[in-house]
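Each chain, written out:
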Amino acid sequence: MVALTLAALLAVAPMQVPQQAPVPQASVPPQEAPVDLGEIEVTGRPLDSMIRSFVDEVAAPNRRRGIARWDDRICVGVANLRAEPAQYIVDRVSTVAEDLGVIPGDPGCQPNVIIIASDDPDGLARQLTEERRRAFRMGGSGMDRGGRALENFVANDAPVRWWQVSMPANSETGQRATRIPGECRDPCMSTSDYAPVIATFAASRLSTQIVDYIFRTVVILDIDQIGGVSGQQLADYVAMVTLAQIDPQADTSRYASILNVFDAPDTAPGLTDWDQAYLRGLYDAERTRKNLHAGTTEIADSIYQAHQDLRADEEE
């Protein structure tokens, strides 16, 4: 941009050189012609600026809600894959979750992460959303990304597609903080019985007890498109989009991330330091800022600290 502006100024107002008497020129040995290096762009960005840009690019919170994460337990189920690769994905996602402080379920638990492989992912997504629509859109305020996002989930042609449902909840008690249509406290005597009652422990205009927790994720794998990556790459990709709210349309090509693996399989063998710092920062953040922008900044600061910790571990 600077070079272009200078060129434009020079074209409009060429610099006037004062006339001087000619100076005798000494003989100069011939030199090689200069090499044209073309256009070179040199950029440098502070780490905290890059982190904020990454968060803004990949984070996909529900409308008018903060960035959600899992609370304390996760149970992973895989369907339509052979036993060995299915178990590998279950174990890997569970291990990444456990490293973040989320407790993986015991064998036989009721899955709240459902991973389904299919050779007709479009048909499967359409069938699921038509026959089990309430599982995808429960109707509570701030629980999903909306009808258009669900349509994009069905029409998505990516190797992996995902849909998450989250819940605003009381961070102190875990109590649900939004009304779900059709449910009420028993007995339903008035309109107030349809809304949850939240006991406030520390009222503030800057902070809140209400935070968002993911409680269901559906992941569909396209059998015809996932063959170009390794088992670890696939499992780590699934872990990333399961444990965080990742925008399916995010452009992460500028960052070293497992999210680029289907475009460039040689990018990373698994979760990168960048990915791990993002997840650690998300799960370390308190997320109690009322202002959504301030909440995003808090998470970005937490990710920055996770980056510093990873660097310190590598140096040791």
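Thresholds, definitions, all that
- Residues numbered from 1 in each chain as written.
- Predicted model: local features only at pLDDT ≥ 70, side-chain atom pairs only at ≥ 80, totals over all residues.
- Heavy atoms only, no water.
- 1 Å grid on protein atoms, 1.4 Å probe; cavity = no way out; pocket = protein on both sides within 12 Å on 5 of 7 lines; lining within 4 Å.
- Points joined across faces, edges and corners; volume = space filled by probe spheres on them.
- Helix = DSSP H or I, 4+ residues; strand = E, 2+ residues; numbered from the N terminus.
- Nonpolar A, V, L, I, M, F, W, Y, C, P; charged D, E, K, R; others polar.
- Core = buried A, V, L, I, M, F, W, Y, C linked by side-chain atoms within 4.5 Å.
- Buried < 20%, exposed > 50% of the residue type's maximum accessible area, 1.4 Å probe, protein only.
- Contact = heavy atoms within 4.5 Å.
- Axes fitted to C-alpha atoms, helices over the stretch in contact; angles between N-to-C directions.
- pLDDT = per-residue confidence, 0-100.
- Salt bridge = Lys/Arg side-chain N within 4 Å of Asp/Glu carboxyl O.

Peer 1: How do you make sense of empty space enclosed by the protein when you look at a structure like this?
Peer 2: Following the criterion strictly, the structure yields one cavity of 30 Å³ or more and no others. Estimated volume of the largest cavity: approximately 30 Å³. Taken together, Ile51, Phe54, Val55, Trp274, Tyr278, Ile303 and His307 make up the full set of residues lining the largest cavity. Among the elements of the structure, α2 (47-58), α8 (273-284) and α9 (292-315) are those that each provide at least two residues to the lining of the largest cavity. In terms of residue count, the dominant contributor to the lining of the largest cavity is α2 (three residues). Within the lining of the largest cavity, the residues separate by chemical class into six nonpolar, one polar and no charged.

Peer 1: Just to check I follow, could you spell out the nonpolar core for this structure?
Peer 2: One finds Leu221, Leu243, Ile246, Tyr278 and Leu279 to be the most contacted residues of the largest nonpolar core, which totals 55 residues. Of all the secondary-structure elements, those providing two or more residues to this core are α2, α3 (83-99), β5 (113-118), β6 (160-170), β7 (210-222), α7 (231-243), α8 and α9. Broken down by element, the residue count for this core peaks at eight residues, all from α7. With residues up to four places along the chain from it excluded, the contact list for Ile246 reads Val58, Ala60, Trp162, Gln164, Met240, Val241, Leu259 and Tyr278. Among the nonpolar cores identified, the runner-up in size contains 17 residues, and Leu124, Leu128, Met167 and Ile220 belong to it.

Peer 1: In this structure, what is going on with the packing of helix α4 (residues 121-131) against helix α6 (residues 147-155)? I would like to understand it.
Peer 2: Helix packing for two helices is described by the angle between their axes and how far apart those axes are. One can describe the packing of α4 onto α6 by two numbers: an axis separation of 8 Å at closest approach and a directional angle of 145°. Counted together, Asp122, Ala125, Arg126 and Thr129 of α4 and Leu150, Phe153 and Val154 of α6 form the full contact between these two elements. Classifying every residue of the contact of α4 with α6 by side-chain character gives four nonpolar, one polar and two charged.

Peer 1: Just to check I follow, could you spell out the confidence of the model for the protein chain for this structure?
Peer 2: Detailed conclusions should not be drawn from predicted coordinates in areas where pLDDT is low. Put simply, the protein chain has an average pLDDT of 80, and 73% of its residues get 70 or more. A low-confidence stretch, residues 1-29 (pLDDT under 50), is modelled with zero contacts involving residues beyond four sequence positions or located in other chains.

Peer 1: For this particular structure, what's the right way to read the pattern of salt bridges?
Peer 2: Between side chains of opposite charge, a pair can form as their charged atoms come close. Applying the stated rule across the entire model yields five salt bridges. Of the charged contacts in the structure, one is a salt bridge between Asp212 and Arg65, with a shortest N-O distance of 3.0 Å. In this pair, Asp212 sits in strand β7 while Arg65 sits in the loop between α2 and β1 (69-70), placing the two residues 147 residues apart along the sequence. When its relative accessible area of 23% is taken as the criterion, Arg65 is described as partly exposed. Close ionic contact of Arg137 with Asp144 constitutes a salt bridge, the shortest N to O distance being 3.1 Å. Note on Arg137: relative accessible area 29%, which makes it partly exposed.

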